[in-house]
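Coordinate analysis (summary)
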Amino acid sequence: MTTLTQFVLVTGMTGAGRGSTAKVLEKLGYYVIDNLPPNLLANVVATVQESKDIDRLAVVVDARSRQFFGGLVEALEDLRDDGIHTKIVYLEAADEVLVRRQEAARRPHPLSLEGRLVDGLDRERELLRRIRGRADIVVDTSNLNVHQLGQRIRAAFEDPDSGGLRASVMSFGFKYGLPIDADMVADLRFLPNPFWVDELRPMSGLDEPVRDYVLRQPRSAEFLEQYEGLVALLTDGYLREDKHFLTIAIGCTGGRHRSVAMSEAFAERLRAHGVRTLVVHRDLGRE
């Protein structure tokens with residue numbers, strides 16, 4: 001007899017990738033319901049429980065359900081109290097990216113009220129503010145294509161019964177802004193910059209000469225050891241709080257040399273400890 005054990009709520013900004021996330025979850029074995037009014041959530045879960053043939057359910061909630069958002073957080077807490085493993089995925093992106101995507105799709109924003117698109121985005125962010133604060137996984141899709149988003153979602157939800165911590169290590173450039181979906185941020189601008197070495201400048205941290213240059217710096221090994229220890233220190237607490245997915249952002253000035261090399265090296269260390277780890281280079285190729 002099958003009973004519901006896994007529930008995922010997918011929400012976030014219009015144009016940030018809710019539909020793509022739902023498709024990935026469907027491929028992972030979730031029964032997906034799109035655009036469900038939040039006040040019907042309890043009824044749907046009860047129906048699924050009675051059916052006894054669905055063990056994973058994902059529901060997409062968006063701004064079109066604005067009048068029903070009031071009790072959503074409480075409904076999710078009730079699911080957790082009933083012993084259902086519940087996760088909230090929140091997708092967002094920079095306003096300029098969302099505007100560009102909406103204009104490309106040629107669809108009006110559901111909250112624009114015949115006004116400007118950016119006004120609709122402001123209303124949507126305010127409407128979703130409370131649920132965003134409760135999200136277990138926040139993904140900024142501003143610089144992700146649909147395939148990279150799929151990788152992030154699969155990394156978070158594949159093999160849900162395997163236990164343990166899963167991690168995403170992201171390199172980035174401070175000149176392009178901090179990643180808003182990071183749980184931990186490390187700043188590598190204290191290391192010498194390969195950009196100022198003529199033969200290394202056109203390369204990236206994926207190239208062996210740059211990798212060797214970065215990792216051979218006197219403070220690099222110390223950084224790796226101490227940051228690895230910090231993650232190990234936090235792991236038990238994350239798992240105790242039922243947080244199984246961790247995003248670690250490692251930054252340098254442009255996100256091309258130091259952060260890329262160090263992200264790859266740090267991911268290798270995590271994998272050696274049995275942590276399933278995905279590496280994302282957010283800003284590589286932007287220059």
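Along each chain, the written sequence defines residue order, and numbers are assigned to residues from 1. In keeping with the model being predicted, local features are shown solely for residues with a pLDDT of at least 70 and side-chain atom pairs are shown and tallied solely at 80 or more, while totals for entire chains, interfaces and linings include all residues. Side-chain figures throughout are based on the complete set of non-hydrogen atoms in the structure, without hydrogens or water.

1. Quick word on empty space enclosed by the protein
Definitions used for this entry: grid spacing 1 Å over protein atoms alone; cavity, a set of points where a 1.4 Å probe fits but cannot get out; pocket, an open set with protein on both sides within 12 Å along at least 5 of 7 lines; lining residue, one with an atom within 4 Å of a point. Grid points are joined across faces, edges and corners, and a volume is the space filled by probe spheres set on the points. Applying the stated criterion across every chain, the model contains 1 cavity of 30 Å³ or more. A volume near 40 Å³ is recorded for the largest cavity. Lining the largest cavity are Asp-140, Asn-143, Leu-144, Arg-152, Met-170, Pro-179, Asp-181 and Arg-282. A per-class count over the lining of the largest cavity returns 3 nonpolar, 1 polar and 4 charged. Charged residues are taken to be Asp, Glu, Lys and Arg, nonpolar residues to be Ala, Val, Leu, Ile, Met, Phe, Trp, Tyr, Cys and Pro, and polar residues to be all remaining types, Gly included.

2. A look at the side chain of Gln-217
Take Gln-217: it is sitting in the loop between helix H7 (208–215) and helix H8 (220–240). N or O atoms closer than or at 3.5 Å make up a polar contact, with two conditions inside protein: a donor-capable atom paired with an acceptor-capable one, and, for residues adjacent in sequence, both atoms drawn from side chains. At 3.0 Å, the side chain of Gln-217 and the backbone oxygen of Tyr-213 are in polar contact. The way it works is that DSSP assigns letters per residue, a run of H or I at least four long becomes a helix, a run of E at least two long becomes a strand, and they are numbered from the N terminus.

3. Description of the layout of surface pockets
Each pocket or cavity is described by its volume, and for the largest pocket that value is around 470 Å³. Lining the largest pocket we find 23 residues, and of these Thr-14, Gly-15, Arg-18, Gln-102 and Arg-107 sit closest to its centre. Considered class by class, the residues forming the lining of the largest pocket number 9 nonpolar, 8 polar and 6 charged.

4. A word on the pairing of strand E3 (residues 56–60)
Most of E3 is tucked away: 5 of the 5 residues are buried. Going residue by residue along E3, you find Arg-56, Ala-58 and Val-60 tucked away on one face and Leu-57 and Val-59 tucked away on the opposite face as well. The pairing criterion for strands is at least two bridges between them, as found by DSSP. Where strand E1 (residues 6–12) and E3 come together, 5 bridges link them in parallel fashion. Paired with Phe-7 across the strands is Leu-57, a residue of E3. Direction of pairing for strand E2 (residues 31–33) relative to E3: parallel, over a ladder of 3 bridges. What sits directly across from Tyr-31, in E3, is Leu-57. Crossovers are marked right-handed if the path from the first strand over the helix to the second runs clockwise, as seen with the strands pointing away from the viewer. At this point the chain moves from E2, through helix H2 (residues 41–51), to the parallel E3, and the crossover so formed is right-handed. When a residue's accessible area, from a 1.4 Å probe over protein chains only, is under 20% of the maximum for its type it is buried; when over 50% it is exposed; and in between it is partly exposed.

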